[in-house]
Amino acid sequence: MLKTLLFSSMILLSSISHAGSFTERSAFSGQILQLCSESALRVMLFNLGDVALYRQQCNAVPDPLSPPLKLSFVYNRGFTGDEFRKSADELIRRNVDDATYQQIEADLQAFNAGYQDVSAGDRYDIGFSENAGLVLLKNGTQVSQSDSLELAAVYYKIWFGNNPFSGRVKSNLLNGLE
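Described below are features of the structure shown in this document. (Residues numbered from 1 in each chain as written. Predicted model: local features only at pLDDT ≥ 70, side-chain atom pairs only at ≥ 80, totals over all residues. Heavy atoms only, no water.)

1. A short note on the packing of aromatic side chains
Reasoning step 1: One pass over the full model with this rule turns up 12 aromatic pairs.
Reasoning step 2: Here the aromatic rings of Tyr-75 and Tyr-124 are separated by 6.4 Å at their centres, their planes lie at 85 degrees, and the arrangement is edge-to-face. In this pair, Tyr-75 is assigned in strand β4 (residues 69-75) and Tyr-124 in strand β5 (residues 123-129), connecting sequence segments 49 residues apart.
Reasoning step 3: The exposure class of Tyr-75 is buried, given its relative accessible area of 8%. (Phe/Tyr/Trp six-rings, centres within 6.5 Å; stacked < 30°, edge-to-face > 60°. Helix = DSSP H or I, 4+ residues; strand = E, 2+ residues; numbered from the N terminus. Buried < 20%, exposed > 50% of the residue type's maximum accessible area, 1.4 Å probe, protein only.)

Right, dumping it as structure tokens:
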């Protein structure tokens, strides 16, 4: 009984920590984006952090992933930069064909080189706009940038492709769009 109560409390607390992690509006590339949706980043029973999708308007017309947009991640535990690099590479590989991967590989490696270790409470923002390109920020400081439109077109497939990081996260983020 005590174990069940503790387990239920842990789940409740991880859900509570999810609420309110993000502001209603966020600046990116000289524009104000609005919070469209958010989701916990869960793997099995572990809440690794939270993610939010920001756009100028929260609608899916014509394309829910057209720029400008930004994904913001707040982590509940530490990860190494190498873990981010390997995960991004693997998730992009499983969402694009070999020819597309070969076309963007050099730009992907250069962009992913900006990933650094994170601790609980750290934040990564991955934004894309036509004037700034693909931008990676850690705790508000730019750590990587790419002007490759090809890379930007496939990078968000990590979360929104046919084989994303998590089908549940993809669904939660896209359900916030009208």
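That covers the picture; the talk isn't over yet.
2. Details of the environment of Phe-111
Reasoning step 1: Its place among the elements puts Phe-111 in helix α3 (residues 98-112).
Reasoning step 2: Residues Phe-111 and Ser-146 lie 35 residues apart in sequence; the distance between their C-alpha atoms is 6.2 Å.

3. A few points about the sheet that holds strand β1 (residues 25-28)
Reasoning step 1: Read across the sheet, 7 strands follow the order β1-β2-β3-β4-β5-β6-β7 without closing on themselves; strand pairing throughout is antiparallel. The sheet is open, and its two edges are formed by β1 and β7 (141-146), each paired on a single side. Each strand of the sheet is rotated relative to its neighbour by a mean of 25 degrees, with strand direction disregarded.
Reasoning step 2: Two strands pair when backbone bridges link them, and β5 and strand β6 (residues 133-138) are joined in this way by 6 bridges, in the antiparallel orientation. Of the residues in β6, the one forming a bridge with Gly-127 is Val-135.
Reasoning step 3: Sitting on the sheet, α3 touches β6 and β7, and the angle it makes with β7 is about 175 degrees.
Reasoning step 4: Against the sheet, helix α6 (residues 167-175) makes contact with β2 (31-43), β3 (46-55) and β4, and its axis sits at roughly 150 degrees relative to β2, the strand it touches most. (Pairing = 2+ DSSP bridges. Axes fitted to C-alpha atoms, helices over the stretch in contact; angles between N-to-C directions. Contact = heavy atoms within 4.5 Å.)

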